[in-house]
Amino acid sequence: MTLGDLIADVLALAGSPVSRATDTSGHILVRQGGSAANVAREVVRAGGAATFIGAVGRDPWGGQLTHALRGAGVDVHVVVRPQPTARIVALVEPDGERTFVTDRGAADELRAGDVRIAWLRGASALHLPAYSLFHGRPLAGAARRAAGSARSGGGAVTVDLASSGPILALGAAEAWRRVADVEPDVLFGNAAETAAVLDGRPETDLLRLARIVVIKLGAAGCRVLVRPVPADGPSARASALPRVLAVSTRSLESRDTTGAGDAFAAGFLVSWLRAPGEHRHSATVLRAAARAGHRAAYRLLRTADRAAILA
């Protein structure tokens, strides 16, 4: 289950380096987007079952996005708000550098009272992109309510830091507090995002936020940090050290990597949740989950129509 953003991605692939204040030729696509919706869609592609909770506007894009997500096999619960459906313009330059302009619109208007406990009943996990915690008071309140309900029902809570920009805008201390509030079992982030929230502290401090931390390294693979089990006595000291697992992956050149991180999180979670609870911190299970995440990201990047282009 995911809670957060369902967004229309307007993707502009520049055919040459962008020149300011004039025209640049290229290709423009409109696709399904939103980190929470992306994860839900990719969970289904990875063989899992997924539910999405969010808000859209009373406009054609809201209807198209909802219909497309349901068509991908996701159980969708959306509320309709007067604000426009969220939109993002992503400018991708020839070297792969991406610049985003975001209008989150209705996505931030999901309220705690909109989240029905019945939607969360039986969920093995609730996944929250950090956008759901960092943007807008209504949405953050809905995310906290859903996290509490999921946890009280025996489900795990997972968080993806998603983007360094909102962390820097909010401030590392406040971003840390908001993530800590939902007590994630697994925390995802890339190098820039984890550096932003750490604000100069050592990497292992992330284990204060979650028992398992997955640092995504793109084509280089990932690094998984595991909090030690509390142990007493000098003989247990070695086993009480944090474990760091490095998992490499095959490289795939792709100029447009939009959604790859979400696909990785989806593949990881589907594999990880299949393991019995008492084994989910084992190196074997975590390595298998990381490899499944890389396979999901690789599959997304090699699929030309990967985000179901909207009409």
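These lines cover the structure that appears in this document, whether it is placed above or below. (Residues numbered from 1 in each chain as written. Predicted model: local features only at pLDDT ≥ 70, side-chain atom pairs only at ≥ 80, totals over all residues. Heavy atoms only, no water.)

## Looking at the overall build of the chain
Link 1 in the chain: Tallying secondary structure elements over the chain gives 10 helices and 13 strands in all.
Link 2 in the chain: The C-alpha atoms of the chain give a radius of gyration of 19 Å, which matches the 19 Å a tight globule of 311 residues would have.
Link 3 in the chain: Expressed as lengths along the three principal axes of its C-alpha atoms, the size of the chain is roughly 65 × 45 × 35 Å.
Link 4 in the chain: For the chain, the residues scored as buried account for 50% of the 311 residues in total.
Link 5 in the chain: Once local pairs closer than 6 in sequence are excluded, the contacts in the chain between residues at least 24 apart make up 70%.
Link 6 in the chain: When the accessible surface of the chain is split by element, carbon and sulfur atoms take 52% of a total near 14,000 Å². (Helix = DSSP H or I, 4+ residues; strand = E, 2+ residues; numbered from the N terminus. Rg over C-alpha atoms; globule rule 2.2 N^0.38 Å. Buried < 20%, exposed > 50% of the residue type's maximum accessible area, 1.4 Å probe, protein only. Contact = heavy atoms within 4.5 Å. Areas by Shrake-Rupley, 256 points an atom, 1.4 Å probe, with all protein chains shown as cover.)

## A word on the environment of glycine 48
Link 1 in the chain: Looking at where glycine 48 falls in the secondary structure, it is placed in the loop between α1 (35–45) and β4 (51–57).
Link 2 in the chain: Placed 218 residues apart in sequence, glycine 48 and alanine 266 show a C-alpha to C-alpha distance of 8.9 Å.
Link 3 in the chain: The residues contacting glycine 48, other than those within four sequence positions of it, are Val43, Val270 and Arg274.

## A closer look at the pattern of salt bridges
Link 1 in the chain: Under the defined criterion, the tally for this structure stands at 12 salt bridges.
Link 2 in the chain: A salt bridge links glutamate 203 to arginine 223, with the shortest nitrogen-to-oxygen separation between them at 2.7 Å. Here the residue glutamate 203 occupies a position in the loop between α8 (191–198) and β11 (212–216), and arginine 223 occupies one in strand β12 (residues 222–226), the gap between them amounting to 20 residues.
Link 3 in the chain: Under the relative-accessibility criterion, glutamate 203 is labelled partly exposed at 28%.
Link 4 in the chain: According to the relative accessible area criterion, arginine 223 is partly exposed, its value standing at 26%.
Link 5 in the chain: Through salt bridges with shared partners, a single ionic network connects Glu174, Arg177, Arg178 and Asp181. (Salt bridge = Lys/Arg side-chain N within 4 Å of Asp/Glu carboxyl O.)

## As for the environment of glycine 165
Link 1 in the chain: Among the structural elements, glycine 165 can be located in helix α6 (residues 164–170).
Link 2 in the chain: In the structure, glycine 165 is positioned 131 residues away from glycine 34 in sequence and 16 Å away in space, judged by C-alpha atoms.

## Re α1
For an α-helix the count is 3.6 residues per turn, leaving residues at separations of three or four pointing the same way.
Link 1 in the chain: With nine of its 11 residues buried, α1 lies for the most part within the structure.
Link 2 in the chain: For α1, the set of buried residues is Ser35, Ala36, Ala37, Asn38, Val39, Ala40, Arg41, Glu42 and Val43.
Link 3 in the chain: Where α1 ends, the next residue or the one after it, glycine 47, has phi of about 100 degrees, a positive value.

## Description of unusual backbone geometry
Link 1 in the chain: Despite not being glycine, alanine 162 has its phi angle at roughly 75 degrees, a positive value.
Link 2 in the chain: Along the polypeptide, alanine 162 turns up in the loop between β9 (156–160) and α6.
Link 3 in the chain: Even without a glycine there, the phi angle at aspartate 199 is positive, about 55 degrees.
Link 4 in the chain: Looking at where aspartate 199 falls in the secondary structure, it is placed in the loop between α8 and β11.

## A closer look at the side chain of glutamate 193
Link 1 in the chain: If you trace the backbone, glutamate 193 turns up in helix α8.
Link 2 in the chain: Look at glutamate 193: it is buried, it has no salt bridge, and the nearest opposite charge is lysine 216 at 5.2 Å.
Link 3 in the chain: Here the side chain of glutamate 193 touches serine 163 through a polar contact of 3.3 Å, landing on its backbone nitrogen.
Link 4 in the chain: Here glutamate 193 is in contact with Asp160, Leu161, Ala162, Ser163, Ser164 and Ile167, once residues within four sequence places are set aside. (Lys, Arg positive; Asp, Glu negative; His and termini not counted. Polar contact = N/O pair within 3.5 Å; in protein donor to acceptor, adjacent residues only side chain to side chain.)

## Regarding the packing of aromatic side chains
Link 1 in the chain: Taken as a whole and assessed by the stated rule, the structure comprises three aromatic pairs.
Link 2 in the chain: Geometrically, the ring pair formed by phenylalanine 188 and phenylalanine 264 is edge-to-face, given 6.4 Å between the ring centres and 85 degrees between the ring planes. Residue phenylalanine 188 is located in strand β10 (residues 186–190), and its partner phenylalanine 264 is located in helix α9 (residues 260–274); the two are separated by 76 residues in the primary sequence.
Link 3 in the chain: Taking relative accessible area as the criterion, phenylalanine 264 reaches 4% and is therefore assigned buried.
Link 4 in the chain: Note on phenylalanine 188 and phenylalanine 268: the rings are 5.4 Å apart at their centroids and 90 degrees apart in plane angle, and the pair reads as edge-to-face. (Phe/Tyr/Trp six-rings, centres within 6.5 Å; stacked < 30°, edge-to-face > 60°.)

## Describing the sheet that holds strand β3 (residues 26–33)
Link 1 in the chain: Spatially, the four strands line up as an open sheet ordered β3-β2-β6-β7, and their pairing is mixed. For this open sheet the edge positions go to β3 and β7 (98–103), each flanked by a neighbour on one side alone. This sheet shows a mean twist of 15 degrees between the axes of neighbouring strands, independent of strand direction.
Link 2 in the chain: Pairing of strand β2 (residues 7–14) with β3 involves eight bridges; the strand directions are antiparallel. Bridge assignment links alanine 8 to a residue of β3, and that residue is glutamine 32. (Pairing = 2+ DSSP bridges. Axes fitted to C-alpha atoms, helices over the stretch in contact; angles between N-to-C directions.)

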